[in-house]
Amino acid sequence: MENKDDIRLLNSEKLEEFFINKNQKKYRVNQVLDWVWNKSISSFSQMSNISDDLKNILDKEFVLNKPIEIKSYKSSDGTIKYSIQLYDKNLIEAVLIPSKKRITACISSQVGCSLDCKFCATSRLYRKRNLFCYEIFDQLFFLNEQSKFYFKRKISNLVFMGMGEPLLNYKNVVKAINKIKSKSGLNFSAKKITISTSGIPKIIKHIAHEDLKCNLAVSLHSAIQKTREIIMPFSRKFPIEDLIDSLKYWNRVTKKKILYEYIIFDGINDNVEHIKALVKICKTIPCKVNFIEYNPTGDLRFRRCKVEKLELYQKYLTNEGIVNTYRVSRGRDINAACGQLINLNKVGY
Ligand code: SF4
């Protein structure tokens, strides 16, 4: 592994400074940035309009840490999961989910995860490190190429629902989103980007001021603190009142609705008390609830709820005028569904 930084860690001002110090023309900066981001080259030698002298300088000082596809898994429902190796041999996973109307990319923000959501296999990997902004960008670039190849369409939607808690890799996630949205990046619509968080109040308030204009989804799973702590033990540090307070704040600043993600577990949060608590919370902030099918990941205390319980939840919410949908998991047969990303080929679960 080379002891040099990826050139993409430098913004245009820093790169300009570097070029001046090396007696290079300033206008070359935009050309180089175009090659390393827009064209996503893997070697400086590919820059056909750049002098050999400058290519050699860049080669001496920087690297391009491009990820490598290790393996792909194709589901019977069209979903494709990719195992991706980073420059330091760490593995992450990213998923391409096609449907009639859209192609969704689900990407990772960390190698593993430091949180402990009981329904999620990624939590068993623990957090190895945060991804750099360019590693987040590269996943989308790569998936977009795959999407054009397999589905003849570009990616339409992006969700941060892969490995990791995006708000715990705040700076890199914000930088990556800004690059993904920019004309010099992927020119991706902010409205089609969703950051999915397990709910960290302080950081939700912070990100409200980034002017990202993207959507926020919150893994809620229970509006009752004690139950939420069973499902997501880390949430004991974040009382539900604080979470709701931060979501109100986010809504006030961004004027955007919240999307609550909600898994109903058999015998854990499937009764009327939980439904009423959810309704109460939903009435405090403009929102939508997305019920997600549970995909068992090994902890036997957690089981998928009976269909009648889901119907009961949906009936209650609809009667109260709360928009709700039910999402059937995609890619379950290749362990690509919600909560199933665990680098299976490496850890051998
Ligand atoms: S659901 Fe997200 S935040 Fe929770 S453990 Fe899994 S990857 Fe981490």
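Here the structure is a predicted model, which is why all the values come from computation and not from measurement. (Residues numbered from 1 in each chain as written. Predicted model: local features only at pLDDT ≥ 70, side-chain atom pairs only at ≥ 80, totals over all residues. Heavy atoms only, no water.)

(A) Region of interest: the overall build of the chain. Helices and strands together make up the secondary structure of the chain, namely 11 helices and 14 strands. For the chain, the C-alpha radius of gyration of 21 Å lies close to 20 Å, the compact-globule estimate for 349 residues. Once the C-alpha set of the chain is aligned to its principal axes, its extents read approximately 70 × 40 × 35 Å. Residues counted as buried form 54% of the 349 residues belonging to the chain. In the chain, 66% of the contacts between residues at least 6 apart in sequence involve partners at least 24 apart. Here the chain displays about 16,600 Å² of accessible surface, and carbon together with sulfur accounts for 51% of that area. Distance between charge centres in the chain, computed from 60 positive and 36 negative side chains, equals 4 Å. (Helix = DSSP H or I, 4+ residues; strand = E, 2+ residues; numbered from the N terminus. Rg over C-alpha atoms; globule rule 2.2 N^0.38 Å. Buried < 20%, exposed > 50% of the residue type's maximum accessible area, 1.4 Å probe, protein only. Contact = heavy atoms within 4.5 Å. Areas by Shrake-Rupley, 256 points an atom, 1.4 Å probe, with all protein chains shown as cover. Lys, Arg positive; Asp, Glu negative; His and termini not counted. Charge placed at Lys NZ, Arg CZ, Asp CG, Glu CD.)

(B) Quick look at the pattern of salt bridges. The tally for this structure, following the rule as stated, stands at 20 salt bridges. Where Arg-8 meets Asp-138, a salt bridge forms, and the shortest distance between an N and an O atom there is 2.8 Å. One end of the pair, Arg-8, is in the loop between β1 (5-6) and α1 (12-21); the other, Asp-138, is in helix α4 (residues 133-151), with 130 residues separating them in the sequence. Residue Lys-66 pairs with Asp-138 through a salt bridge whose shortest N-O separation is 3.2 Å. One end of the pair, Lys-66, is in the loop between β2 (62-63) and β3 (68-74); the other, Asp-138, is in helix α4, with 72 residues separating them in the sequence. Asp-138 matches Lys-66 in its accessibility class, with the two residues each being buried. Within the structure, one salt-bridge network assembled from shared partners comprises Asp-6, Arg-8, Lys-66 and Asp-138. (Salt bridge = Lys/Arg side-chain N within 4 Å of Asp/Glu carboxyl O.)

(C) Region of interest: the environment of Ser-76. Structurally, Ser-76 can be placed in the loop between β3 and β4 (80-85). Exposure remark for Ser-76: the relative accessible area of 72% places this residue in the exposed category. For the pair formed by Ser-76 and Ile-334, sequence separation is 258 residues and the distance between their alpha carbons is 8.8 Å.

(D) Local environment of helix α9 (residues 272-282). The set of residues buried in α9 consists of His-274, Ile-275, Ala-277, Leu-278, Val-279, Ile-281 and Cys-282. On the buried face of α9, the contacting elements are α7 (225-231), α8 (240-254), β12 (258-262), β13 (287-292) and α10 (307-319).

(E) Focus on unusual backbone geometry. Although it is not a glycine, Asn-23 adopts a positive phi angle of roughly 55 degrees. At His-221, a position not held by glycine, the phi torsion is positive, near 65 degrees. Along the polypeptide, His-221 turns up in the loop between β11 (215-219) and α7.

(F) Region of the structure containing the nonpolar core. Val-32, Leu-58, Leu-247 and Tyr-260 are the most contacted members of the largest nonpolar core, which totals 113 residues. The dominant element in this core, judged by the number of residues it contributes, is α4, at seven residues. Here this core spans two domains, since at least three of its residues come from each of domain 1 (5-63) and domain 2 (68-347). If we skip the residues at most four places from it in the chain, Leu-247 touches Ile-204, Leu-216, Val-218, Ile-258, Tyr-260 and Ile-285. (Core = buried A, V, L, I, M, F, W, Y, C linked by side-chain atoms within 4.5 Å. Domains from an automatic or database assignment.)

(G) Here's a closer look at the environment of Lys-60. With respect to the helices and strands, Lys-60 occurs in helix α3 (residues 52-61). With 56 residues separating them along the chain, Lys-60 and Lys-4 place their C-alpha atoms 8.7 Å apart.

(H) Seen up close, the site of the ligand. Cys-113, Leu-115, Cys-117, Phe-119, Cys-120, Thr-122, Ser-123 and Gly-164 make up every residue found near the ligand. For the shell around the ligand, the per-class residue count stands at five nonpolar, three polar and no charged. (Near = heavy atom within 4 Å. Nonpolar A, V, L, I, M, F, W, Y, C, P; charged D, E, K, R; others polar.)

(I) Quick look at the side chain of Asn-290. Here Asn-290 is to be found in strand β13. What makes Asn-290 buried here is its relative accessible area of 8%. Beyond its immediate stretch of four places on either side in the chain, Asn-290 contacts Leu-259, Tyr-260, Glu-261, Tyr-262, Thr-325, Tyr-326 and Arg-327.

(J) Layout of the domain arrangement of the chain. Structurally, the chain comprises domain 1 (5-63) and domain 2 (68-347). Here domain 1 and domain 2 have C-alpha centroids that lie 35 Å from each other. Across the contact, seven residues belong to domain 1 and 10 residues belong to domain 2. For the pair domain 1 and domain 2, the summed buried area comes to about 810 Å², and 62% of that belongs to carbon and sulfur atoms. Here domain 1 and domain 2 share one salt bridge between them. In this structure, the connection of domain 1 to domain 2 is made through one residue pair in polar contact (both at pLDDT 80 or more). Of the residues in the side of domain 1 that touches domain 2, the class split is two nonpolar, two polar and three charged. (Buried area = accessible area lost by both parts, 1.4 Å probe. Polar contact = N/O pair within 3.5 Å; in protein donor to acceptor, adjacent residues only side chain to side chain.)

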